[in-house]
Amino acid sequence: MSQRIAAKITGVAGYVPPRVVTNADMEKMVDTTDEWIRSRTGIRERHFADPGVASSHLGTEAAKKLLAMKGVRPEEIDLIVVATVTPDMLFPATACLIQDRLGATKAWGFDLSAACSGFAYALTVGAQFVGAGSHKKVLVIGADVMTSILDFKDRATCVLFGDGAGAVLVEPAASEAEGIIDFLHEVDGSGGCNLYMPAGGSLHPPSHETVDKRMHYVHQEGQQVFKYAVRRMSELACEILERNGLTSRDLALVVPHQANLRIIRAMQERLGLDDSKVLVNIDHYGNTTAATIPMGLVDAVEQKRLRKGDLVLLIAVGAGYTTGAVLMRWAY
Ligand code: UT7
């Protein structure tokens, strides 16, 4: 059954730190090649934050750009939801740091941890408050500084990720012709062991031992995650379309999480979509975790690939395992 939320995205903005790191640069850090990275993942370059630059800084930049673009004053914001797996610190929440830097004095907020599905989850959660009528302007932000948890001695993971942030403004939708039509989220916790950061939480608090064992870094069973993502991305897409009486032919654009070009192309093939209907920017940014989808929306808007009324599908699979799909009619 479809679960319409009377809420729509009315603006998007992104921010990446200026330092570009190419595959040639990665060749100097680990035993890898440009050819391997490009052919196995589709990545050519990514952006790395400098030391001292955290997720809150990237998220604040994206949010500031968005507010300026929309002509919205910070004190008009009711709620800030930040999806991240690389919060500046365990507490206070990144949302609190961003709220303060923006001067969003009337907003409350919190962080949401759902890894690569984080933005889709945060959008659904933020939009609920708008749909319920209690909130008028909600900022939903995906921000990650993945370099803060990458092991630059592990070539199988460190070449995959980059740093970035994206922000969207969510406001009430006037009619069924615009805004969020449906969402579909799942958790399969049995896959948790395939992509995780073992230490730093309450199970393994930081100690000399956890540092020596490199437990504060991303650990991934790449092939397991790959197979799950390929299967679930297309299954989820079909399910959410089907239960709304739609088919992939009705889609104007899919904005998928950018983890691996081969995962995106597999989904694209199963849905029978041509390249014009699938947003790809992994070549420039790598996997920025919670930021991939809002940054994809920024590119889609800039490339004029979205028109008012277009059917758009946001879709992600990530650590947890978590899955997220949000179907909407583009509203501007
Ligand atoms: O966003 C969160 C969700 N994450 C994902 O969706 C990631 C899903 N997984 C993947 O995208 C892929 O599994 C990877 C890109 C991580 C790896 O690609 P793969 O085709 O599954 O490679 P593999 O792990 O099977 O490794 C193949 C070979 C191995 O060498 P041998 O054992 O065949 O000699 C690896 O040691 O490639 C080697 N390898 C590398 N070689 C050069 C692994 N990493 C690298 C590297 N450069 N960076």
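Quantities reported herein were computed from a predicted structural model and do not represent experimental measurements.

Right, let's talk about the site of the ligand for a bit. Contacts to the ligand come from 22 residues, most closely from Thr 32, Arg 40, Gln 223, Asn 260 and Asn 287. Interatomic distance of 2.4 Å between a side-chain N/O atom of Gln 223 and an oxygen atom of the ligand. Elements with a contribution of two residues or more to the shell around the ligand: α2 (34-41), α6 (155-158), α8 (222-242) and α9 (261-271). Residue contributions to the shell around the ligand peak at 4 residues, all from α8. In terms of residue class, the shell around the ligand is made up of 10 nonpolar, 8 polar and 4 charged. Summarising the domain contributions, the shell around the ligand has at least three residues from each of domain 1 (7-172) and domain 2 (179-329).

A word on the sheet that holds strand β5 (residues 108-112). Reading across the sheet, the 5 strands line up as β1-β7-β6-β4-β5 and stay open at both edges, with mixed pairing between neighbours. At either end of the open sheet lies a strand with only one pairing partner, and these are β1 (7-15) and β5. Shown here is a sheet whose adjacent strand axes are inclined to one another by a mean of 20°, direction ignored. When strand β6 (residues 138-145) meets strand β7 (residues 163-172), the two strands line up antiparallel, connected through 8 bridges. Considered in β7, the bridge of Leu 139 is made with Leu 169. Packing against the sheet, helix α4 (residues 94-102) makes contact with β4 (79-83), β5 and β6, and its axis sits at approximately 130° to β4.

The next subject is the packing of aromatic side chains. For the structure on display, the rule yields 5 aromatic pairs. With centroids separated by 5.5 Å and ring planes inclined at 45°, the aromatic side chains of Trp 108 and Phe 110 adopt a geometry described as tilted. Assessed through its relative accessible area of 40%, Trp 108 is described here as partly exposed. Classification of Phe 110 as partly exposed rests on a relative accessible area of 24%. With a centroid separation of 5.4 Å and 85° between ring planes, the pair formed by Trp 108 and Phe 129 is classed as edge-to-face. Taken together, the residues span a long stretch of sequence, with Trp 108 in strand β5 and Phe 129 in helix α5 (residues 118-131) at a distance of 21 residues. An aromatic cluster of three or more residues is present, and its members are Trp 108, Phe 110 and Phe 129.

With that settled, the discussion passes to the domain arrangement of the protein. Entries for the protein in the domain assignment read domain 1 (7-172) and domain 2 (179-329). Taking only C-alpha atoms, the centre of domain 1 and the centre of domain 2 are 14 Å apart. On the side of domain 2, 43 residues touch domain 1, which itself brings 50 residues to the contact. When the two sides are added together, the surface that domain 1 and domain 2 hide from each other amounts to roughly 3,500 Å², 65% of it contributed by carbon and sulfur. In terms of surface lost to domain 2, no three residues of domain 1 exceed Cys 116, Tyr 121 and Ile 149, which account for 16% of the buried area on that side. Counting every contact that joins domain 1 to domain 2 gives 1 salt bridge. The partner of Asp 151 in a salt bridge is Arg 214, with the nearest N and O atoms 2.9 Å apart. Here domain 1 and domain 2 share 17 residue pairs in polar contact (both at pLDDT 80 or more) between them. Mapped onto the side of domain 1 that touches domain 2, the elements with two or more residues apiece are β1, α2, β3 (45-47), α5, β6 and β7. Of all the elements, α5 adds the most residues to the side of domain 1 that touches domain 2, at 7 residues. Grouping the amino acids of the side of domain 1 that touches domain 2 by side-chain chemistry returns 26 nonpolar, 14 polar and 10 charged.

Rules and cut-offs
Residues numbered from 1 in each chain as written. Predicted model: local features only at pLDDT ≥ 70, side-chain atom pairs only at ≥ 80, totals over all residues. Heavy atoms only, no water. Near = heavy atom within 4 Å. Polar contact = N/O pair within 3.5 Å; in protein donor to acceptor, adjacent residues only side chain to side chain. Helix = DSSP H or I, 4+ residues; strand = E, 2+ residues; numbered from the N terminus. Nonpolar A, V, L, I, M, F, W, Y, C, P; charged D, E, K, R; others polar. Domains from an automatic or database assignment. Pairing = 2+ DSSP bridges. Axes fitted to C-alpha atoms, helices over the stretch in contact; angles between N-to-C directions. Contact = heavy atoms within 4.5 Å. Phe/Tyr/Trp six-rings, centres within 6.5 Å; stacked < 30°, edge-to-face > 60°. Buried < 20%, exposed > 50% of the residue type's maximum accessible area, 1.4 Å probe, protein only. Buried area = accessible area lost by both parts, 1.4 Å probe. Salt bridge = Lys/Arg side-chain N within 4 Å of Asp/Glu carboxyl O.

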